[in-house]
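Below, each chain spelled out in residue letters.
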Amino acid sequence: MFLRILSGLFGGTRNVATEVIETFRPNAESSAQRAADAKAAALAQFAAEFASPPAGAFDRVVNALNRLPRPVMALGTIALFAFAMWDPQGFAIRMTALELVPDNLWIILGMIMSFYLGIIYLSNIYD
């Protein structure tokens, strides 16, 4: 009979003391598990949101073309030095012809190249 009274007061198979305490203070283990579940759900949502489809052939070709201008200009400048040593007279004729190009046209070309290379630079930073 005494055991029945004690089990009635404190619960037979359940822990009444823990249940009473959890009404005033949350269970640390359950709280940590809920936080971990929430974080895992948020990470899964971000992964699904920012997943990118595999690049197709067109995307790969465009990306390859976007990477060409700077190396081509650097190698072209080196090629100009080599051409100047290989054929000085032909190089002088071509440079004299470039002197005849109006300054405004050079300014426009510089603006186009600056804008284009600036866009490529910014797109590489934010990719």
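Reading guide: rules and limits
Residues numbered from 1 in each chain as written. Predicted model: local features only at pLDDT ≥ 70, side-chain atom pairs only at ≥ 80, totals over all residues. Heavy atoms only, no water. Helix = DSSP H or I, 4+ residues; strand = E, 2+ residues; numbered from the N terminus. Buried < 20%, exposed > 50% of the residue type's maximum accessible area, 1.4 Å probe, protein only. Areas by Shrake-Rupley, 256 points an atom, 1.4 Å probe, with all protein chains shown as cover. Phe/Tyr/Trp six-rings, centres within 6.5 Å; stacked < 30°, edge-to-face > 60°. Axes fitted to C-alpha atoms, helices over the stretch in contact; angles between N-to-C directions. Parallel < 35°, antiparallel > 145°, perpendicular 65-115°, else oblique. Contact = heavy atoms within 4.5 Å. Nonpolar A, V, L, I, M, F, W, Y, C, P; charged D, E, K, R; others polar. Patch = residues over 30% accessible without salt bridge, like charges linked within 9 Å, V, L, I, M, F, W, Y side chains within 5 Å. Salt bridge = Lys/Arg side-chain N within 4 Å of Asp/Glu carboxyl O. pLDDT = per-residue confidence, 0-100.

Participant: How would you explain the overall build of the chain if you had to name every residue and give the values?
Facilitator: Helix and strand counts for the chain come out as seven helices and zero strands. Counted from the first residue to the last, the chain has its helices and strands arranged as α-α-α-α-α-α-α. The proportion of buried residues among the 127 residues of the chain is 5%. Carbon together with sulfur atoms contributes 69% to the accessible area of the chain, which is approximately 11300 Å² in total.

Participant: I'd like a rundown of the packing of aromatic side chains, residues and numbers included.
Facilitator: Counted according to the given criterion, the structure contains three aromatic pairs. Ring geometry for F83 and W86: centres 6.2 Å apart, planes at 45°, overall tilted. Of this pair, F83 and W86 both sit in helix α5 (residues 69–86), three residues apart, roughly one helical turn. Accessibility expressed as a relative area gives 69% for W86, which makes it exposed. Ring centres of F83 and F91 lie 6.3 Å apart, and the angle between their planes is 65°; this geometry places the pair in the edge-to-face category. What links up through ring pairs into an aromatic cluster is the set F83, W86 and F91.

Participant: Could you give an account of the packing of α5 against helix α6 (residues 88–99), naming the residues involved and the relevant values?
Facilitator: With their axes 5 Å apart at the nearest point, α5 and α6 run at an angle of 125° to one another. Considering the angle they form, α5 stands oblique to α6. Along its contact with α5, which presents L80, F83, A84, M85 and W86, the element α6 presents P88, G90, F91, R94 and M95. Its residues assigned to classes, the contact of α5 with α6 comprises eight nonpolar, one polar and one charged.

Participant: Run through a nonpolar patch on the surface, naming residues and quoting values.
Facilitator: Taken together, the side chains of V61, L65, L68 and V72 present a nonpolar region at the surface, about 360 Å² in accessible area. Inspection of the secondary structure assignment puts V61 in helix α4 (residues 57–66). The class for V61 is partly exposed, based on a relative accessible area of 48%.

Participant: So what's going on with the confidence of the model for the chain? Which residues, and what values?
Facilitator: For the chain, the average pLDDT comes to 83, and 82% of its residues sit at 70 or higher. When mean pLDDT is taken per element in the chain, α6 scores highest with 94 and helix α1 (residues 2–10) scores lowest with 66.

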